[in-house]
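Descriptive structure summary
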Amino acid sequence: MPEILSAVSRGPLDQPSSVLASRRWWDSAADEYQAEHGEFLRDAGFVWCPEGLDEADARLLGDVRGSRVLEIGCGAGQCGRWLAGQGAEVAAFDVSRRQLQHSRRIDEEFGVRLPVVQADAGRIPFAGASFDLACSAYGALPFVADAGAVLAEVRRVLRPGGRLVFSVSHPIRWAFPDDPGPRGLTADRSYFDRAPYVERDAHGDASYVEHHRTLGDWVLAITGAGLVLTSLVEPEWPPGHDRTWGGWSPLRGRHLPGTAIFTCVRPGAG
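Residues numbered from 1 in each chain as written. Predicted model: local features only at pLDDT ≥ 70, side-chain atom pairs only at ≥ 80, totals over all residues. Heavy atoms only, no water.

1. Thoughts on the side chain of glutamate 51
Mapped onto the fold, glutamate 51 is located in the loop between α1 (15-41) and α2 (55-58). Salt bridges are absent for the buried glutamate 51, whose nearest opposite-charge side chain, arginine 173, sits at 5.0 Å. In contact with glutamate 51, not counting residues within four places along its chain, are Pro235, Glu236, Trp237, Pro238, His241, Trp248, Gly258 and Thr259. (Helix = DSSP H or I, 4+ residues; strand = E, 2+ residues; numbered from the N terminus. Buried < 20%, exposed > 50% of the residue type's maximum accessible area, 1.4 Å probe, protein only. Lys, Arg positive; Asp, Glu negative; His and termini not counted. Salt bridge = Lys/Arg side-chain N within 4 Å of Asp/Glu carboxyl O. Contact = heavy atoms within 4.5 Å.)

Take a look at the structure:
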C-alpha cells in the first residue's frame, strides 16, 4: 500500500525528484492498481482512458501488423500484449519494477512473453530511429517535469515518418476538484496554475506527483520536440458506461472532457 501522507502541496518539483516519486508510488501502489483496474484493462487489451475508448475500435495507431512499436509507461503490459496479438513487434518499458513484475505474472498466465525493461522516459534505452510507432495510455507523460525532453527522446527513437499517440488527463480537469460527484463540476482553481500536484510522505519526500500543462503547453512541447501534431481526440463518455475511476465518472463525463489523446508525427519519409 502507498505510504501514509503527511502533506499535499502545489510547488516546483524537478525531473529527478519526479522520477523518484513515480517509481516509489507505482512500486507501492501496483498491486492495488492491478487488482482494482486489471479486469477493465484486460490482460491483453488496449484501453486508452477511463472513458473506455478501445484501440480495437478507435484504431488511432492504424494497422500495426509488421510494425515495430514502443509502449511508454507500459504498467503491466496490457496494451503491448494486445499490440503483439495484432502482429506488431513490441518493446515496452516502465519506471516501476513492481508493475513489470505484474507484466511477467500476466505473461505466465497468458502464455506469452512481452519484452519489457525498467527505464525512465527521459532516457529511453533504445537506439535512434528504431520504431515505427510509439504509444502511451496515461503512461509516464502526466508524471514528468520536462515533457519536452521526454517527447524529444521519443522523436529520437522514432523513424522518419513514425508516429506517437499518447493519452493524458484533459488539461481542463486541472481547474476542477478530482471528485466524481457534484463537487467535481465546480471549478475551484485556475486552469493556468501550472504548479504540479505533489503528495509527500511523513519524511517530507515526494511520494506522488502529477504535472499540469494547458493544451497550449502540450502543443508547444510537441512542436518544440520536433514533432508535428496531426490529431487531438477528446473521447466522450459513452452511453451505458457506468464505471467510476478516481475523478472520472458518468456524471462528470457528461459535462467535462476527461482525456486528451494526441497524435504526432516525426517529419520525414515514411
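Read on for the rest.
2. Thoughts on the pairing of strand β7 (residues 197-201)
As paired strands, β7 and strand β8 (residues 206-210) are joined by four bridges and run antiparallel to one another. Bridging across to β8, tyrosine 197 finds its partner in glutamate 210. In textbook terms, the turn of a hairpin is the stretch between consecutive antiparallel strands, and for β7 and β8 this stretch comprises four residues, one of which, glycine 204, has a positive phi near 85°. (Pairing = 2+ DSSP bridges.)

3. Quick word on the packing of aromatic side chains
The final tally for this structure, using the stated rule, is 15 aromatic pairs. Taking the centre distance of 6.2 Å and the plane angle of 75° together, the rings of phenylalanine 143 and tyrosine 208 count as edge-to-face. Residue phenylalanine 143 is found in the loop between β5 (131-137) and α5 (147-157), and its partner tyrosine 208 is found in strand β8; the two are separated by 65 residues along the sequence. Among the aromatic residues, those joined into a cluster by ring pairs are Trp25, Trp26, Tyr33, Phe40, Phe143, Tyr197, Tyr208 and Trp245. The ring of phenylalanine 131 is capped by arginine 68, whose NZ or CZ atom sits 4.7 Å from the centre of that ring. Residue placement shows arginine 213 over the ring face of tryptophan 218; its charged tip is 5.2 Å from the ring centre. (Phe/Tyr/Trp six-rings, centres within 6.5 Å; stacked < 30°, edge-to-face > 60°. Lys NZ or Arg CZ within 6 Å of the ring centre and 35° of its normal.)

4. Concerning the confidence of the model for the protein chain
Summing up the model confidence of the protein chain, the mean pLDDT is 93 and the portion of residues at 70 or higher is 95%. A low-confidence stretch, residues 1-6 (pLDDT under 50), is modelled with 16 contacts involving residues beyond four sequence positions or located in other chains. (pLDDT = per-residue confidence, 0-100.)

5. Observations regarding α1
Its 27 residues place the ends of α1 only 28 Å apart at the C-alpha level, less than the 39 Å of an ideal helix rising 1.5 Å per residue. Maximal helix bending in α1 amounts to about 55°, located at alanine 29. One or two steps after α1, the chain reaches arginine 42, where phi turns positive at roughly 70°. (Expected span 1.5 Å × (residues − 1). Bend = angle between axes of the 7 residues up to and from the residue.)

6. Some points on the state of the cysteines
Enumeration over the complete set of coordinates arrives at zero disulfides. The structure places no disulfide on cysteine 49, whose sulfur is separated from the nearest cysteine sulfur, that of cysteine 79, by 11 Å. Note on cysteine 49: relative accessible area 4%, which makes it buried. Counting only cysteine sulfurs, cysteine 79 is the nearest neighbor of cysteine 135, a cysteine outside any disulfide, at a range of 6.5 Å. Judged by relative accessible area, cysteine 135 falls into the buried class, the value being 0%. (Disulfide = S-S within 2.5 Å.)

7. Topic: helix α6 (residues 215-224)
All buried positions along α6 are accounted for by Asp217, Trp218, Ala221 and Ile222. Looking straight down α6, one finds that the buried residues subtend no more than 130° of arc, so they occupy a single side. Of the exposed residues in α6, the ones pointing more than 90 degrees away from its buried face are Leu220 and Gly224. The inward-facing, buried residues of α6 contact α5, β6 (158-169), β9 (228-233) and β10 (259-265). Glycine 226 lies just past α6 and shows a positive phi near 85°. (Arc of directions from axis to C-beta.)

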